[in-house]
Amino acid sequence: MEKLNIGFLHPGAMGISLAASAQNTGHTACWASEGRSQQTHERAAKYGLVDTRTLEGLCDICSVIVSVCPPHAAEEVAAQVLQCSFDGLYLDANAISPQRTVRIDQSMRKAGVAFVDGGIIGGPAWEPERTWLYLSGQEAGRAAACFSAGPLETSVIGESIGKAAALKMCYAAYTKGTTALLCAILTTAEELGVREELETEWSRNGSDFAAQARERARRVTAKAWRFVGEMEEIAKTFQGAGAPGDFHAAAADIYRRIAHFKGAHPTPALEEVLEALRRKDG
């Protein structure tokens, strides 16, 4: 097996786990530290990523680049890579709509860059059979081979660009969309003075759904800032398929109102979350 230099943009909580699977497979994981946070520096150092300092340096030494960034930044990151004259394999593993994925593919192909569409389902990949990277595109098999030792699982689902992105959007539409819905339900019930009665109904026959709902509303605050863009991408995906996108546009607004809890420790109390959700300014 050829040992590759694989660049990761960027080694956040998810990206660093993908980098670890690439290392397990025998490849060298690289990153560009310029402009990144102290937390990211510490994470990259802990897992032994090679620091090229700049994006240009990363593009110079890597034959594969993996993009794992907030959805709103996906096209900008891809454009920055192209400005560095990268000519290898580019894997976009971001939570973005098929439409946006196709646009990135078109810009990459014009520049002679091989493009693979990726969609991640699951949390950071530290255990086997827990996190799946779905891949589509003519070079999807090459991308899958970069992580063959795991624990990240990969699945090639076709050659059409946008297919992996579509799967990710449809999956997250339910998992993250229903959490946003629960946040709105709890907020409305609190405001109208019926939350206690609602939770009593949810708890009949020994169900723990009321407790689950409260915990989901509290715990999602840690990632709400990132889910705003993802809900917007899902709304565009639905609209592009002829379905209404309004529900997930509203979900984006819900997450926007609690996005300021990013980095909060300890996890905010439910009362704090519901109060924030009632204020449009978050």
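Our structure's up above, just so we're on the same page.
Residues numbered from 1 in each chain as written. Predicted model: local features only at pLDDT ≥ 70, side-chain atom pairs only at ≥ 80, totals over all residues. Heavy atoms only, no water.

Enquirer: What is the right way to read the pairing of strand S4 (residues 64–67) from this model?
Expert: Within a regular strand, side chains alternate between the sheet's two faces. Burial along S4 is two-sided: the face carrying Val64 and Val66 and the face carrying Ile65 and Ser67 are both buried. Pairing between strand S1 (residues 5–9) and S4: 4 bridges, direction parallel. Each residue of the ladder has a partner; that of Leu9, found in S4, is Ser67. Taken together, the 4 bridges between S4 and strand S5 (residues 89–92) define a ladder with parallel strand orientation. What sits directly across from Ile65, in S5, is Tyr90. In terms of handedness, the path from S4 via helix H4 (residues 74–83) over to S5 forms a crossover that is right-handed. (Buried < 20%, exposed > 50% of the residue type's maximum accessible area, 1.4 Å probe, protein only. Helix = DSSP H or I, 4+ residues; strand = E, 2+ residues; numbered from the N terminus. Pairing = 2+ DSSP bridges. Right-handed = clockwise from strand over helix to strand, strands pointing away.)

Enquirer: What should I look at first to understand the sheet that holds strand S8 (residues 153–156) in this one?
Expert: Across a sheet, strands are paired by hydrogen bonds formed along the backbone, either parallel or antiparallel in direction. Taking strand neighbours across the sheet as the criterion, the 8 strands line up as S3-S2-S1-S4-S5-S6-S7-S8 in an open arrangement whose pairing is mixed. Only two strands of the sheet have a single partner each, and these edge strands are strand S3 (50–51) and S8. Sheet topology places S1 next to strand S2 (residues 28–31); 3 bridges connect them, and they run parallel. Bridging across to S2, Ile6 finds its partner in Ala29. Each of S1, S2, S4 and strand S6 (114–121) touches helix H1 (residues 13–24); the most contacted strand, S1, lies at about 170 degrees to it. Along the sheet face, helix H7 (residues 163–191) touches S6 and strand S7 (132–136) and points at about 20 degrees away from the line of S6. (Contact = heavy atoms within 4.5 Å. Axes fitted to C-alpha atoms, helices over the stretch in contact; angles between N-to-C directions.)

Enquirer: Even after reading the chapter, I still don't get the state of the cysteines, so can you show me in this structure?
Expert: Covalently bonding the sulfur atom of one cysteine to the sulfur atom of another cysteine gives a disulfide. Taken as a whole, this structure holds 0 disulfides when the rule is applied. Counting only cysteine sulfurs, Cys30 is the nearest neighbor of Cys62, a cysteine outside any disulfide, at a range of 3.9 Å. Residue Cys62 is classed as buried on the basis of its relative accessible area, which comes to 6%. (Disulfide = S-S within 2.5 Å.)

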